[in-house]
Amino acid sequence: MTTKIKRIAVKRVYEKPARGDGNRVLVDRLWPRGLSKERAELDAWLRDLAPSDELRHWFHTRGHAWLTFRKRYLKELVNPEAGEALNQLYRLANQKKALTLLFASKDVEHNNAVVLKDLLEGMRKPPNGTGRGAIRAMQEREAKRMPR
């Protein structure tokens, strides 16, 4: 399944919607505190794409374990519920030239929306495993992002 998106953005759901956002998709399991549904201006809320409560709590206590979180999160995306939501995300991605993945976390660089963005940009279909090749590819992408 390929995407024909020209731009994928990741931003906090609390930021004001912009004209160029395209399809706005919330990828958190819980609704963001203090935000009305009208103000969020969502096209979809795919809560099944969010990490499990166990993984989310684990990562909040170990914020330094980003690569481990990514690996575990990708494994969770193989579950049937997440797979169906991921297919819906791919369909939404193909509808417009832009897609904005929304999240509530204060950490804008280390959250599940970032993993989903990488997945959409670098894979033609949903993951079916997280073997050494997938981990190596994630590490290479991380290394490219690091300032020199």
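Everything discussed here concerns the structure shown above.
Residues numbered from 1 in each chain as written. Predicted model: local features only at pLDDT ≥ 70, side-chain atom pairs only at ≥ 80, totals over all residues. Heavy atoms only, no water.

(A) Representation of the environment of Val10 within the structure. The residue Val10 is located in strand β1 (residues 7-12) in this model. Val10 sits in the partly exposed class, given a relative accessible area of 25%. Taking the C-alpha atoms as reference points, Val10 and Phe103, separated by 93 residues in sequence, lie 7.8 Å from one another. Contact partners of Val10, with chain neighbours within four places excluded, come to Leu101, Phe103, Asn111, Ala113, Val114 and Lys117. (Helix = DSSP H or I, 4+ residues; strand = E, 2+ residues; numbered from the N terminus. Buried < 20%, exposed > 50% of the residue type's maximum accessible area, 1.4 Å probe, protein only. Contact = heavy atoms within 4.5 Å.)

(B) Representation of the layout of surface pockets. Reported here for the largest pocket is a volume of approximately 520 Å³. Looking at the largest pocket, it is lined by 21 residues, and the ones nearest its centre are Asp28, Arg56, His60, Ala104 and Ser105. When residues in the lining of the largest pocket are grouped by element, the largest group, three residues, is from helix α2 (residues 53-61). (1 Å grid on protein atoms, 1.4 Å probe; cavity = no way out; pocket = protein on both sides within 12 Å on 5 of 7 lines; lining within 4 Å. Points joined across faces, edges and corners; volume = space filled by probe spheres on them.)

(C) Representation of the sheet that holds strand β3 (residues 44-45) in the model. Sheet architecture is open: four strands sit in the order β1-β4-β2-β3, paired in parallel fashion. For this open sheet the edge positions go to β1 and β3, each flanked by a neighbour on one side alone. One ladder, built from six bridges, connects β1 with strand β4 (residues 98-103); its direction is parallel. Among the inter-strand pairings, Lys11 is bridged to a residue of β4, identified as Leu102. Across the sheet, helix α4 (residues 80-95) lies against β2 (23-26), β3 and β4, angled at about 160 degrees from β2, the strand it touches most. (Pairing = 2+ DSSP bridges. Axes fitted to C-alpha atoms, helices over the stretch in contact; angles between N-to-C directions.)

(D) Inspection of the packing of aromatic side chains at higher detail. Following the criterion strictly, the structure yields five aromatic pairs and no others. Summarising the aromatic geometry, the rings of Phe59 and Phe69 are spaced 4.4 Å apart at their centres and angled 25 degrees between planes, so their arrangement reads as stacked. With Phe59 in helix α2 and Phe69 in helix α3 (residues 66-76), the pair connects residues that are ten residues apart, well separated along the chain. Taking the relative accessible area as the measure of exposure, Phe59 reaches 9% and is therefore buried. (Phe/Tyr/Trp six-rings, centres within 6.5 Å; stacked < 30°, edge-to-face > 60°.)

(E) Representation of the environment of Leu46 in the model. Topologically, Leu46 is positioned in the loop between β3 and α2. The class for Leu46 is buried, based on a relative accessible area of 4%. Considered as a pair, Leu46 and Val25 are 21 residues apart in the sequence and their alpha carbons are 7.0 Å apart.

(F) Seen up close, unusual backbone geometry. At Glu41, a position not held by glycine, the phi torsion is positive, near 50 degrees. Looking at the element boundaries, Glu41 is found in the loop between α1 (37-40) and β3.

(G) Molecular detail of the nonpolar core. Ranked by internal contacts, the top residues of the largest apolar core, which has 31 residues, are Val25, Leu49, Leu89, Leu101 and Leu116. Mapped by element, the contributors of at least two residues to this core are α2, α3, α4, β4 and α5 (112-122). Take this core: its biggest share by element is seven residues, from α4. In terms of nonpolar packing, the next biggest core, distinct from the first, is built from five residues, Val13, Leu26, Ala40 and Leu102 among them. (Core = buried A, V, L, I, M, F, W, Y, C linked by side-chain atoms within 4.5 Å.)

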